Amino acid sequence: MSLIRGCLAFSGYVINTLFWSLPILLGSLIKLLPIKPLQRSCSHFLDICASAWISVNGGIEKLFHPLKMHIDELPELSEQEWYMVVANHQSWVDILILQRLLNRRIPFLKFFLKKELIYVPVLGLAWWALDFPFMRRYSTAELKKNPKLRGKDIEITRKACAKFKHKPVSVMNFVEGTRFQPSKHQKQNSPFKHLLRPKAGGMAFALSAMGDQIHKLVDVTIYYPGKIPSFWDYISGRLPEVYLHLEVKEIDPGMRGDYANDRQFKQAFQERLNALWQHKDEVLERLAAKANHSQGDS
């Protein structure tokens, strides 16, 4: 039964994606015209299409693999506000959960994506048209080989975020940089029980690049009872429930500065992020206890 459910859901997602990709790609061609009012109108139209795409995905989920979302309390949110969104990262399913949870509650989520993802068929073009920031990170070896590349990734981040200054947006950042796995947790010698060490650079650069427009942080904590689900687990109905905790916090001026060159600011920013992650680790522990208690009662 789960195989049939998964195949039907996957087919629905593919058809829905292809359907909405057409107006998104057509809108992106019009957006290439160097007319600012037209470009702003196109951006608004493209975000509406993307939100509709997510809404239909939600309908497919409810039809083929309904998911119960346990949320402590949903704080006040607005589509007219700028947000930085952070969450713990365990699976591709995190993105689908976040989209369903926040769609039409805040501006359409923009994810930082690796540069290579622009070549993903259909989706890569759609992400580009929707102004998703494609990032390029240079390894230590690359920087040693070509010192001129130093600071290039920061400049790419600034350019990617500059377009978000004139229209409410939600910038999503998985600050752990990769999905949680026990082997990675052990290799890092992470001080957190349920989390990898957070990386401050991308978040600090984005806050600096966007200036004062973005001043609220949406902190989302995701807990999956049992094992961490794969995409197939999700669409085949093997993930019946998920536990979530949301907090909205003000981003104070102390979190904006020159992360690349100001050592004191860099250290202070990392300490703030570590404190946030310590709190998230405690929330995960509480959500796990809540899930275990619920299963014990059933």
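Refer to the structure printed above.
The following refers to the structure shown. (Residues numbered from 1 in each chain as written. Predicted model: local features only at pLDDT ≥ 70, side-chain atom pairs only at ≥ 80, totals over all residues. Heavy atoms only, no water.)

### Describing a nonpolar patch on the surface
Definition in use: Patch membership needs two things, relative accessible area over 30% and no salt bridge, and members are linked within 9 Å if like-charged or within 5 Å if nonpolar (Val, Leu, Ile, Met, Phe, Trp, Tyr). Only the protein chains shown count as cover for residues, and all accessible areas are computed by the Shrake-Rupley method using a 1.4 Å probe. Every case where a carboxyl oxygen of Asp or Glu lies within 4 Å of a side-chain nitrogen of Lys or Arg is listed as a salt bridge. Starting at the N terminus, helices and strands are each numbered in turn, a helix being any DSSP run of H or I of at least four residues and a strand any DSSP run of E of at least two. Each residue is assigned to one of three classes by its accessible area relative to the maximum for its type, calculated with a 1.4 Å probe on protein chains only: buried under 20%, partly exposed between the two thresholds, exposed over 50%.
A contiguous nonpolar surface patch, about 540 Å² in accessible area, is contributed by L22, L26, L29, L32 and W128. Of all the elements, helix α1 (residues 2-31) adds the most residues to the nonpolar patch, at three residues. Tracing the sequence through the fold places L26 in helix α1. Classification of L26 as partly exposed rests on a relative accessible area of 48%.

### Things to note about helix α3 (residues 93-102)
Among the 10 residues of α3, seven are classified as buried, and the element is accordingly described as predominantly covered. Buried residues of α3: V93, D94, I97, L98, Q99, L101 and L102, and no others. Remark: R104 follows α3 within two positions and exhibits a positive phi of approximately 65 degrees.

### Looking at the sheet that holds strand β1 (residues 68-71)
As a general point, the strands of a sheet are linked pairwise by backbone hydrogen bonds and lie either parallel or antiparallel. The condition is simple: Only strands joined by at least two bridges in the DSSP assignment are considered to pair. Axis lines are fitted through C-alpha atoms, for helices just across the contact stretch, and the angle between N-to-C directions can take any value from 0 to 180 degrees. The contact rule is simple, with two residues in contact once any of their heavy atoms fall within 4.5 Å.
Across the sheet, which stays open at both edges, the six strands sit in the order β1-β8-β7-β2-β6-β3 with mixed pairing between neighbours. For this open sheet the edge positions go to β1 and β3 (109-111), each flanked by a neighbour on one side alone. Shown here is a sheet whose adjacent strand axes are inclined to one another by a mean of 30 degrees, direction ignored. One ladder, built from four bridges, connects β1 with strand β8 (residues 241-250); its direction is parallel. When the sheet's bridge partners are listed, K68 is paired in β8 with E241. Sheet strands touched by helix α8 (residues 201-210): β2 (83-87), β6 (170-173) and β7 (216-223). Its angle to β2, the strand with the most contacts, is close to 175 degrees.

### What to know about the packing of aromatic side chains
The test is simple: Under the pairing criterion, centres of Phe, Tyr and Trp rings, with the six-membered ring standing for Trp, must be within 6.5 Å; the plane angle then separates stacked pairs below 30 degrees from edge-to-face pairs above 60, leaving the rest tilted. Look at NZ for Lys and CZ for Arg. If either is within 6 Å of the ring centre and within 35 degrees of the ring normal, a charge sits over the ring.
With the rule as written, the count across this model stands at four aromatic pairs. When the ring of F19 is compared with that of W20, the centres are 5.1 Å apart and the planes differ by 90 degrees; the resulting orientation is edge-to-face. The exposure class assigned to W20 is buried, which follows from its relative accessible area of 18%. Judged by centre distance (6.2 Å) and plane angle (80 degrees), the ring pair of Y259 and F269 falls under edge-to-face. Taken as a pair, Y259 in the loop between β8 and α10 (263-297) and F269 in helix α10 lie far apart in primary sequence, 10 residues in all. Pairwise contacts between aromatic rings join Y259, F265 and F269 into one cluster. Residue placement shows K280 over the ring face of W277; its charged tip is 5.2 Å from the ring centre.

### Some points on empty space enclosed by the protein
Counted only if it meets this: Only protein atoms enter the 1 Å grid, on which a cavity is a set of points fitting a 1.4 Å probe that cannot get out and a pocket is an open set with protein on both sides within 12 Å along at least 5 of 7 lines, lining residues being those with an atom within 4 Å of a point. Grid points are joined across faces, edges and corners, and a volume is the space filled by probe spheres set on the points.
Applying the stated criterion to the full structure yields one cavity of 30 Å³ or more. The computed volume of the largest cavity comes to approximately 100 Å³. Lining the largest cavity are Y13, I54, N57, G58, E61, L96, Q99, R100 and Y234. If you list the elements that add at least two residues to the lining of the largest cavity, you get α2 (36-64) and α3. In terms of residue count, the dominant contributor to the lining of the largest cavity is α2 (four residues).

### A look at the layout of surface pockets
Test applied: Classification convention: Asp, Glu, Lys, Arg as charged; Ala, Val, Leu, Ile, Met, Phe, Trp, Tyr, Cys, Pro as nonpolar; all other residues, Gly among them, as polar.
Taken as a whole, the second largest pocket spans an internal volume of roughly 650 Å³. For the second largest pocket, the lining is made up of 26 residues, of which K31, S43, D131, K163 and F164 are closest to its centre. Going through the elements one at a time, α1, α2, α4 (123-129) and α6 (152-162) are the ones with two or more residues in the lining of the second largest pocket. Among the elements that take part in the lining of the second largest pocket, α2 stands out by supplying six residues, more than any other. When its residues are assigned to classes, the lining of the second largest pocket shows 12 nonpolar, five polar and nine charged.

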